[in-house]
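Overview (structure and organization)
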Number of protein chains: 2
Amino acid sequence: MKDISKAKEARMLIRNSEWEGTTVGKVPGYVQCGLLILPFSEAYDFLVYCQRNPKPCPLIEVTDTGAPEPRLSAKGADLRTDLASYTVYREGKKVEEREDISDIWREDFVAFLFGSSLTFDAAMKRAGVDWPSEVWIFETNIDTVPAGKFSGKLLVTMRYLSGEDTIIATQVTARFPRNHGAPVHIGEPGKIGVKTSSPIYGKPVETIPEGVMPVFWACSVTAQRAAISAKPQIAISHTPGYGFITDILESEVSLP
Amino acid sequence: MKDISKAKEARMLIRNSEWEGTTVGKVPGYVQCGLLILPFSEAYDFLVYCQRNPKPCPLIEVTDTGAPEPRLSAKGADLRTDLASYTVYREGKKVEEREDISDIWREDFVAFLFGSSLTFDAAMKRAGVDWPSEVWIFETNIDTVPAGKFSGKLLVTMRYLSGEDTIIATQVTARFPRNHGAPVHIGEPGKIGVKTSSPIYGKPVETIPEGVMPVFWACSVTAQRAAISAKPQIAISHTPGYGFITDILESEVSLP
């Protein structure tokens, strides 16, 4: 019998403002998702964008228009209150972070939930893969496949791994196609246009340490950025690190 | 260097009406797709339906509205002429089969290409899995996840395999998540509501032969039927057995 009590409990704490900090590494075993909310007028093109770019934008669920319940991934949950922090963008500009979006929810909102590397991080740790806790996000020079007004460069996360761990990490993450899957690049950052001195997230890196190699995975901030660059009237995302905890078990979405 | 000459050549023969018969087992190594064309007014709900039902409806490509070229899976191809047989439905009723849809193509058409079990059949054969060439399609009692006006029961294909081959077949097909993936059921047809005496496609089966077991995979006719049951003004699909040959190599879409 599938046990979803831990996920429900965590969502309740978040809903009641009794949760402290981010969800990184919390409630292990359950798939955590990134969130993006758009008005229905933008939803078709954005859905096609995700279909065309499954590595950075692996869709776990698309809600019914106006429905705040992600009934397929977390029955009874409420996407207006069950994330600990939301970021609101208007016309492509960040306007605020908040803990609850009930009062700005609209009947034409569609919520997109994305698989996240938080899921495979845990699987890599279980397989003994080790890396410094620091994670970076970089822009590459690789174009995503556009759809309507949505387009942009592929963004990637970077982790430093030993050669041995890189082999294991590639195999482990390939089993999670709905959470970015296998790396998109291993080695020389410049090959994919990454400037390690200018990260989007994380501290600038001047030189790569001896004995490790940089390994890059597609990152769902790609989707968020493509959406916001298109300057929709309003867009709401999770604040980085504050994921949505689903009832889906990690083991359900991993391949043999 | 990826060689796509065989796929291009096959499409050219089809376009010029020089192709004989179905595409079953033809042009091995390339992914063949099922096709469904709908007006844009139906496309959003149908796309959400596919996202919610990835096993029967694994989307390989969604074209830009009005564009007959599936530029991501077969650059230069034309979906109005490059399938050997199309079936046209109006208001949910089949009205004709034809070899070319150029004269009924509309600027608001969206084409959906689906992964097909034709892809994993070849992989199973390579792995030594053997079954009588007869394949059936049945309705199950399993509901797909609805989206807007699209809904319906899951349809499955059935193949007879030995116990040993069932194990190999399960592993092989699990590597093709974009072509229906692992079986949805093995054994007693009644468990998923299948009446073997009433197939949707294939000859009625009264008794299952000794020494083999029925193995069931999700079937993309599910998507086609859900679309047509919603009675759209017009829908166009490939005629069963007449797939669209893409430039995508089977090896590109299979997992390790």
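Report follows, based on the coordinates.

So, how was this worked out
Residues numbered from 1 in each chain as written. Chains lettered and ligands numbered in written order. Predicted model: local features only at pLDDT ≥ 70, side-chain atom pairs only at ≥ 80, totals over all residues. Heavy atoms only, no water. Phe/Tyr/Trp six-rings, centres within 6.5 Å; stacked < 30°, edge-to-face > 60°. Helix = DSSP H or I, 4+ residues; strand = E, 2+ residues; numbered from the N terminus. Buried < 20%, exposed > 50% of the residue type's maximum accessible area, 1.4 Å probe, protein only. Pairing = 2+ DSSP bridges. Expected span 1.5 Å × (residues − 1). Contact = heavy atoms within 4.5 Å. Axes fitted to C-alpha atoms, helices over the stretch in contact; angles between N-to-C directions.

1. Let's talk about the packing of aromatic side chains
Here the structure, examined in full by the defined rule, presents 14 aromatic pairs over all chains. Ring centres of Y44(A) and F40(B) lie 4.9 Å apart, and the angle between their planes is 85°; on these two criteria the pair is classed as edge-to-face. Of this pair, Y44(A) sits in helix α2 (residues 40-52) while F40(B) sits in helix α2 (residues 40-52), each in a different chain. Consider the rings of F46(B) and F114(B), whose centres lie 6.2 Å apart with planes at 90°: the pair is edge-to-face. Taken together, the residues F46(B) in helix α2 and F114(B) in strand β5 (residues 109-115) connect sequence positions 68 residues apart. A relative accessible area of 3% places F114(B) in the buried class.

2. Observations regarding the pairing of strand β3 (residues 86-90) of chain B
Residues and elements named next belong to chain B. Summarising burial for β3: four of the five residues are buried, a large majority. The pairing of β3 with strand β4 (residues 93-98) spans five bridges and is classified as antiparallel. Looking at the pairing, Y89 lines up with K94 of β4. Remark: two residues form the turn of the hairpin made by β3 and β4, two consecutive strands paired antiparallel; E91 in that turn has positive phi of roughly 50°. Bridge analysis of β3 against strand β10 (residues 234-238) gives five bridges, and the strand direction is antiparallel. When the bridges of β10 are listed, Y89 appears paired with A235.

3. Some remarks on helix α4 (residues 163-174) of chain A
Over its twelve residues, α4(A) extends 17 Å from the first C-alpha to the last, a length consistent with the 16 Å expected when each residue adds 1.5 Å. In this structure, the buried residues of α4(A) make contact with α3 (117-126), β7 (153-161), β8 (185-186) and β9 (213-218) of chain A.

4. Quick word on the sheet that holds β9(A)
Residues and elements named next belong to chain A. An order of β6-β7-β9-β8 is seen for the four strands of this open sheet, with the pairing classed as antiparallel. In the strand order of this sheet, the two ends are held by β6 (136-143) and β8, each with one partner. Pairing analysis gives five bridges linking β6 to β7, with the strands arranged antiparallel. Bridge pairing links E139 to L155 in β7. The sheet contacts of α3 involve β7 and β9, and relative to β7 the element is tilted by about 20°.

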